[in-house]
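Analysis of the macromolecular model
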Amino acid sequence: MEREKIRVLFVCVSNSFRSQIADAILNHKYGESFVAESAGFRKKSINPLAIEVMKEYGLDISNKSVNELLDFYNQGRKYDYVITVCNRGEEEDCPIFPGKVTRLSWREFRDPDDFTGTEEEKLEMARKLRDDIAKRIDEFVNTVK
């Protein structure tokens, strides 16, 4: 009998960068055991830097939907894990998904809206953020399996 996939929801304030990248990487690397979605407290379009660094990673997220957490809640979606990826400064704004789930908070990720410098410097910061998220996902999967 095939084991049911572990359902994960990544949550951030606007679902425009960190949660989108986390959802795409988990589904891409570990889709045989996990299914991931992402949502935010409020939504805005996907950050162009996220699209660019994920294209370099081999994934096209340009057509992914941006989701509101309340919509998922109202639809009665269930998750095994809800992981917030907001940084410490946004903690009070970072939404909590209700229900009987394991909640994790990965607060170490910088908000890409705070990136400053040239476009190349911002792109380099976005690459580092993507790689940090990918590493954290690998660590998470190794603790769950």
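Here, every reference points to the structure presented above.
Report follows, based on the coordinates. Every value quoted in this text rests on a predicted model; they were computed, and no experiment measured them.

Here's the deal with unusual backbone geometry
Backbone geometry places N15, a non-glycine residue, at a positive phi of 55°. One can find N15 in the loop between β1 (6-12) and α1 (18-30).

Overview of the pairing of β1
Across the seven residues of β1, six count as buried, placing the element largely inside the fold. Relative to strand β2 (residues 34-40), β1 is paired through seven bridges, and the arrangement is parallel. Counterpart to L9 in the pairing with β2 is E37. The handedness of the β1 to β2 crossover, carried by α1, is right-handed. Relative to strand β3 (residues 81-84), β1 runs parallel, the two sharing four bridges. Directly across from V11, in β3, lies its bridge partner T84.

Here's the deal with helix α4 (residues 119-144)
Taking 1.5 Å of rise per residue, 26 residues should cover 38 Å, and α4 covers 37 Å from first to last C-alpha, within 8% of that figure. Residues L123, A126, R127, L129, R130, I133, A134, I137, F140, V141 and V144 constitute the buried set of α4. Along its buried surface, α4 packs onto β1, α1, β2, α2 (48-56), β3 and β4 (102-105).

Cut-offs used in this document
Residues numbered from 1 in each chain as written. Predicted model: local features only at pLDDT ≥ 70, side-chain atom pairs only at ≥ 80, totals over all residues. Heavy atoms only, no water. Helix = DSSP H or I, 4+ residues; strand = E, 2+ residues; numbered from the N terminus. Buried < 20%, exposed > 50% of the residue type's maximum accessible area, 1.4 Å probe, protein only. Pairing = 2+ DSSP bridges. Right-handed = clockwise from strand over helix to strand, strands pointing away. Expected span 1.5 Å × (residues − 1). Contact = heavy atoms within 4.5 Å.

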